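Residue strings, one per chain:
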Amino acid sequence: MILAYLGAVLSLIGSLFLLLTSVGILRMPDTYTRMLSATKASTLGTAMFLIGIGIAMPEWIIRLILLVFAVIVTNPLSAHIIARTAYYLGIPLSHQTVKNDLQSKE
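Since the structure is predicted, the reported quantities are computational estimates derived from the model, not experimental observations.

Q: What is the right way to look at helix H3 (residues 61–88) in this model?
A: Since one α-helical turn is 3.6 residues long, residues separated by three or four positions face the same way. Its 28 residues place the ends of H3 41 Å apart at the C-alpha level, agreeing with the 40 Å of an ideal helix rising 1.5 Å per residue. Within H3, burial applies to Leu-64, Val-68, Val-71, Ala-79, Ala-83, Ala-86 and Tyr-87. The elements touched by buried residues of H3 are helix H2 (31–56). Where H3 terminates, the next one or two residues include Gly-90, which has phi positive at roughly 95°.

As structure tokens, then:
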């Protein structure tokens, strides 16, 4: 019984992180900061949500741990590739951007 409540709380916290992801996507000024917001919060939110389900339903824990591992590995990697491609395609940075590390590498 306590595991079901703990799993529900973790899933709820994960859902809140996923909600923060959508808020971050709407509020950030350019593609690159939106990508950062979406990647960090959604990785943590998805991981917490899946771990919460795994705690509530122990028979699924192995599959869910594999899913968490896949999300933790692929989400930041794919976001990095998309952001780098966007930069090289010429999608402009926000006027609020202070530092551009890729500009010196061109």
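Continuing now.
Q: How should the environment of Phe-17 be read in this particular structure?
A: Here Phe-17 lies in helix H1 (residues 2–27). Measuring from C-alpha to C-alpha, the distance between Phe-17 and His-80 comes to 20 Å, with 63 residues separating the pair along the chain. Contact partners of Phe-17, with chain neighbours within four places excluded, come to Ala-41, Leu-44, Gly-45 and Met-48.

Q: What is the right way to read a nonpolar patch on the surface from this model?
A: Together, Leu-12, Leu-16, Leu-19 and Val-23 give the surface a local cluster of nonpolar side chains, amounting to about 370 Å² of exposed area. Position of Val-23 relative to the elements: it lies in helix H1. The exposure class of Val-23 is partly exposed, given its relative accessible area of 38%.

Q: What exactly am I supposed to notice about the packing of aromatic side chains here?
A: Aromatic ring pairs: the centre-centre distance and the angle between the two ring planes describe each pair. As enumerated under the stated definition, the model contains one aromatic pair in all. Between Tyr-87 and Tyr-88 the ring centres are 5.6 Å apart and the planes differ by 80°, which places this aromatic pair in the edge-to-face class. Overall, the relative accessible area of 13% leaves Tyr-87 in the buried class.

Q: I keep staring at the packing of H2 against H3 and nothing clicks. Help me out?
A: Each pair of packed helices gets described by two things: the angle between the helix axes and the distance between those axes. Running from amino to carboxyl end, H2 crosses H3 at an angle of 175°, the nearest separation of the two axes being 9 Å. As summarised for this structure, H2 and H3 are arranged roughly antiparallel, according to the angle between their axes. Classifying every residue of the contact of H2 with H3 by side-chain character gives 19 nonpolar, six polar and no charged.

Parameters and conventions
- Starting from 1, residues in each chain are numbered consecutively following that chain's sequence as written.
- Whole-chain, interface and lining totals are the exception, using all residues; otherwise, since this is a predicted model, local features are given only for residues with pLDDT of at least 70 and side-chain atom pairs are given and counted only at 80 or more.
- Neither water nor hydrogens contribute to the side-chain values; these are computed over all heavy atoms in the structure.
- Secondary structure is summarised from DSSP: a helix means a run of H or I of at least four residues, a strand means a run of E of at least two, and numbering begins at the N terminus for each.
- One less than the residue count of a helix, multiplied by 1.5 Å, gives the span that helix is expected to have.
- Any residue under 20% of the maximum accessible area for its type is buried, any over 50% is exposed, and the rest in between are partly exposed; the area is computed with a 1.4 Å probe on protein chains only.
- Should any heavy atoms of two residues lie within 4.5 Å, those residues are counted as being in contact.
- Surface patches are drawn from residues lacking salt bridges whose relative accessible area is over 30%; two like charges belong together within 9 Å, two nonpolar side chains (Val, Leu, Ile, Met, Phe, Trp, Tyr) within 5 Å.
- Under the convention used here, a 1.4 Å probe and the Shrake-Rupley method define accessible areas, while residue burial counts only the protein chains that appear.
- Any Lys or Arg side-chain nitrogen located within 4 Å of an Asp or Glu carboxyl oxygen qualifies as a salt bridge.
- Aromatic contacts are taken between Phe, Tyr and Trp rings whose centres are within 6.5 Å, Trp giving its six-membered ring; a plane angle under 30 degrees counts as stacked, one over 60 as edge-to-face, and the others as tilted.
- Under this scheme, a helix contributes an axis fitted over its contacting stretch, all axes are lines through C-alpha atoms, and angles between N-to-C directions fall in the 0 to 180 degree range.
- Between 65 and 115 degrees an angle is taken as roughly perpendicular, under 35 as roughly parallel, over 145 as roughly antiparallel, and anywhere else as oblique.
- Here the term charged refers only to Asp, Glu, Lys and Arg, the term nonpolar to Ala, Val, Leu, Ile, Met, Phe, Trp, Tyr, Cys and Pro, and the term polar to all other amino acids, Gly among them.

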